[in-house]
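Summary of structural features
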Amino acid sequence: MALRIFSNALVQMALAITAGILLGQWQPDLAVQMKPLSDGFVKLIGMLIGVLMFLLVVSGIAGMQGRAQTAKVGAKAVLYFEAMAVLSLSVGILAGMLLQPGGGFHLDLSATAADGAGGTGQLVSGYLRRAEDFRLDQFMLSLIPDSFAGAFVHNNSLQILLVAVFFGVALGKLSAHGAYGARCTQLRDFIEALLGVLFGMVNLILKLAPLAAFGAMAFTIGRYGLASILPLLRFVGAIYLASIFFVVVAMGLVARAMGLNLFRLIAYVRDELLLVVFTASSVAALPGLIGKMEKLGCSRNVVRLVLPAGYSFNLSGTNLYLALATLFLAQASGVHLGGWQLLTLLAIAMLTSKGATSVTGSGFIALAATLTALQLVPVGGIVLLLGVERLMKCRSLTNVIGNCLACVVIAVWEGEFDRAAMRRELSGEA
């Protein structure tokens, strides 16, 4: 029984954080020497970021491109998904600026800020840091790699994203028709299989998360004292407040425009939401949600296109987390993000969030990819968030609620929504 308790990931993380706090408080000199534990974890994650980023974006774009060509509902879904992505990222950025969860926490991670940055990446970072020297033409040229492999050789995330977008669009078009359609479909299957292997590697690395959390917490407390915990608690509170605001206000207004009471919808899928909380995986709720959304009055075709696609494209909770976490780390490390930097963050997160909800730990990977591509906020700061990663239930819950609402929106938009069935289901008459 005791072994089973200690094998629980949440218990391991709690024990590691507690040990790090105690060591940092009572033996600060020794605690500071624990920093390589967290630095090594960041480097292990970083070695996979480029390839994962490329494959995730290619997989998402290629899959949606094919669906959009076979049904107009796909195009409408993409339009709605991207509109909600912009809105959720904007709310996350606004929440970070208003709540200032990392304010007053002077964190020095300059040693890890350049990790993973290539030469052209440093050029981009320089342009964005100095608005007076910013030249759009040079910035755009710096996004184009010298060769296909060059983006990966230099580990330049912005160039990798550019290559992935072109590759994904081309693969999606050829998969839908043409002489190479069957081979392209096989290539997409291979990419999915390769993603499975890479996420298997990620899961192995994430088993070291308690060790990294111990090192990060010990170093932080040893260097900055117990007061450094307060910004983490403020961050948790900020992400929950932002998520609640987005669900109640933004999603609530959209639901009302569709003639739906959002709170009744949430109550209707409460069993699936509880499953997400206890399994820490939004994918676990997918089978049940498909059946319930069809019974609610959404047509089968809409549900079976929009709901699975939403798990890669409609990630409002993940977007909130990416934006708010980036601003938190920027504030905590004393990095000021101006207008150009915030617009760049929004554009990068629109891509790096794709596919981030389907696998446990992928939200953390998406944040690492976002920081790596942005190259303004120290990537090493992500280890500070390991201790509260398991508390980010609001991220998955917001994603699931958003995908249920998306089914209703697209069904209404297509004229394939049975309001009589909705009233029957929500009233409990069924």
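Residues numbered from 1 in each chain as written. Predicted model: local features only at pLDDT ≥ 70, side-chain atom pairs only at ≥ 80, totals over all residues. Heavy atoms only, no water.

1. What about the confidence of the model for the protein chain?
- Averaged over all residues, the pLDDT of the protein chain is 78; the fraction at 70 or higher stands at 80%.
- Taken element by element, the protein chain is modelled with least confidence in helix α7 (residues 119-129), mean pLDDT 36, and with most confidence in helix α14 (residues 262-268), mean pLDDT 94.
- Overall, residues 111-134 carries pLDDT values under 50, and its contacts beyond four positions in sequence, including any with other chains, amount to 38 contacts. (pLDDT = per-residue confidence, 0-100. Helix = DSSP H or I, 4+ residues; strand = E, 2+ residues; numbered from the N terminus. Contact = heavy atoms within 4.5 Å.)

2. Quick notes on the environment of M217
- Within the secondary structure layout, M217 lies in helix α12 (residues 209-224).
- Taking relative accessible area as the criterion, M217 reaches 9% and is therefore assigned buried.
- Those residues within four positions of M217 in sequence are excluded, and the remaining contacts are I17, G20, I21 and L232. (Buried < 20%, exposed > 50% of the residue type's maximum accessible area, 1.4 Å probe, protein only.)

3. Here we look at the pattern of salt bridges
- On inspection of all chains with the given rule, the structure shows two salt bridges.
- For the salt bridge of E414 with K76, the shortest nitrogen-to-oxygen distance reads 2.6 Å. Highlighted residues: E414 in helix α22 (residues 393-414) and K76 in helix α5 (residues 72-99), separated in sequence by 338 residues. Taken individually, E414 and K76 each receive the classification buried, so the pair is uniform in this respect.
- As a salt-bridge pair, E272 and K292 come within 3.1 Å of each other at their nearest N and O atoms. Taken together, the residues span a long stretch of sequence, with E272 in helix α15 (residues 270-279) and K292 in helix α16 (residues 286-295) at a distance of 20 residues. Across the pair, K292 and E272 agree in class, each one buried. (Salt bridge = Lys/Arg side-chain N within 4 Å of Asp/Glu carboxyl O.)

4. Focus: the packing of aromatic side chains
- Evaluation of the coordinates by the stated rule reveals six aromatic pairs.
- When the ring of F235 is compared with that of F328, the centres are 5.0 Å apart and the planes differ by 35 degrees; the resulting orientation is tilted. Pair noted here: F235 is in helix α13 (residues 229-257) and F328 is in helix α18 (residues 316-332), with a separation of 93 residues, a long-range link.
- Look at F328 and you get buried, because its relative accessible area is 0%.
- Grouped by ring-pair contacts, the aromatic residues F54, F148 and F167 constitute a single cluster.
- Lying across the ring of Y268, K292 places its NZ or CZ 5.4 Å from the centre.
- We note R395 situated over the ring of Y321; from NZ or CZ to the ring centre the distance is 4.4 Å. (Phe/Tyr/Trp six-rings, centres within 6.5 Å; stacked < 30°, edge-to-face > 60°. Lys NZ or Arg CZ within 6 Å of the ring centre and 35° of its normal.)

5. Considering the side chain of N319
- Within the secondary structure layout, N319 lies in helix α18.
- Look at N319 and you get buried, because its relative accessible area is 1%.
- Among the polar contacts made by the side chain of N319, one reaches the side chain of S88 at a distance of 3.2 Å.
- If we skip the residues at most four places from it in the chain, N319 touches A85, S88, L89, A349 and S353. (Polar contact = N/O pair within 3.5 Å; in protein donor to acceptor, adjacent residues only side chain to side chain.)

6. Concerning the nonpolar core
- F41, Y80, F235, M293, Y321 and L385 are the most contacted members of the largest nonpolar core, which totals 133 residues.
- Per-element tally for this core: the top contributor is helix α4 (residues 35-70), with 14 residues.
- Not counting chain neighbours up to four residues away, the residues in contact with M293 comprise L265, C298, V303, C404, C407 and V408.
- Among the nonpolar cores identified, the runner-up in size contains six residues, and L23, A31, F214 and A218 belong to it. (Core = buried A, V, L, I, M, F, W, Y, C linked by side-chain atoms within 4.5 Å.)

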